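Notes for the structure review
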Amino acid sequence: MELLVYLILLVFLSLLGFYFGRAFIMGAPYAPTDKKAIRTMIGLLQIRKGERACDIGAGDGRIVMALAQAGANAIGYERNPLLVLAGGIWIQKKGLGATAKLQHKNLWKADYRPFTAVTLFGIPYIMDRLEKKLLAELPHGARVASNAFPFPNWKPVTKQDGVYLYIKE
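What comes next concerns the included structure.

**Side note on the packing of aromatic side chains**
This structure, assessed with the given rule, holds six aromatic pairs. Pairing Y77 with Y112 gives two aromatic rings, centres 6.0 Å apart and planes at 70°, and the pair type is edge-to-face. Of this pair, Y77 sits in strand β2 (residues 73-78) while Y112 is found in the loop between β3 (100-104) and β4 (117-120), placing the two residues 35 residues apart along the sequence. Judged on exposure class, the residue Y77 and its partner Y112 are both buried. What links up through ring pairs into an aromatic cluster is the set Y77, Y112 and F115. Directly above the aromatic system of W108 lies the positively charged group of R129, at a separation of 3.9 Å from the ring centroid.

Structural data, given as structure tokens:
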């Protein structure tokens with residue numbers, strides 16, 4: 001019986017290690033953005049009514065909802081299906097289902113061409129690759145608000161309260 005308990009614990013810890021290890025390899029682990037940073041990102045982006053906006057690594061959808069409340073048609077891409085499910089329920093409860101959506105998607109496989117406003121809370125080791133992807137795909141004039149971590153080569157237009165604002169030229 002004791003061996004079975006150890007085996008179950010080993011399987012659980014292995015799955016946990018695989019899940020979180022994969023998060024570090026494929027993108028960034030979930031870390032919720034605080035309310036002040038969300039307000040700063042929304043303010044810097046100056047969202048226009050009906051604008052298409054995206055949150056990369058959307059977690060529980062709190063930024064997607066803030067984008068929608070600011071007037072955007074917002075989508076969030078998130079790899080964790082549990083966060084997508086929980087965030088989707090939260091979006092519906094807030095009555096934002098028409099303008100806010102969460103999608104279970106790998107940030108590297110997403111197409112960012114339709115978006116003119118993008119938010120993200122990345123992690124340093126993905127920023128170089130993500131910078132290249134966004135510069136290749138975003139339309140001219142698109143704005144990107146990055147919480148806490150700057151892109152290595154793209155020069156921000158401004159920085160406020162730890163949020164970097166970029167505009168694609």
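**What about the pairing of β3?**
Put simply, side chains in a regular strand alternate between the two faces of the sheet. As defined by bridge partners, β2 adjoins β3 across five bridges and the pair is classed as parallel. Bridge pairing in β3 links I75 to K101.

**Here's the deal with the environment of A117**
Within the secondary structure, A117 sits in strand β4. In this structure the C-alpha to C-alpha distance between A117 and G141, which are 24 residues apart in sequence, comes to 9.1 Å. If sequence neighbours within four positions are ignored, A117 has contacts with L45, I47, E51, R52, A53, C54 and R143.

**A closer look at the packing of helix α2 (residues 35-45) against helix α3 (residues 62-69)**
Contact pair α2 / α3: the axes reach a minimum separation of 10 Å and the direction vectors enclose 40°. Considering the angle they form, α2 stands oblique to α3. The hand of the α2/α3 crossing is right-handed. In this structure, α2 contributes I38, M41, I42 and L45 to the contact, and α3 contributes R62, I63, A66 and L67. Partitioning the contact of α2 with α3 into residue classes produces seven nonpolar, no polar and one charged.

Rules of the game
Residues numbered from 1 in each chain as written. Predicted model: local features only at pLDDT ≥ 70, side-chain atom pairs only at ≥ 80, totals over all residues. Heavy atoms only, no water. Phe/Tyr/Trp six-rings, centres within 6.5 Å; stacked < 30°, edge-to-face > 60°. Helix = DSSP H or I, 4+ residues; strand = E, 2+ residues; numbered from the N terminus. Buried < 20%, exposed > 50% of the residue type's maximum accessible area, 1.4 Å probe, protein only. Lys NZ or Arg CZ within 6 Å of the ring centre and 35° of its normal. Pairing = 2+ DSSP bridges. Contact = heavy atoms within 4.5 Å. Axes fitted to C-alpha atoms, helices over the stretch in contact; angles between N-to-C directions. Parallel < 35°, antiparallel > 145°, perpendicular 65-115°, else oblique. Left-handed = near helix turned anticlockwise from the far one by under 90°. Nonpolar A, V, L, I, M, F, W, Y, C, P; charged D, E, K, R; others polar.

Keep in mind that these numbers describe shape and distance, not what the molecule does.
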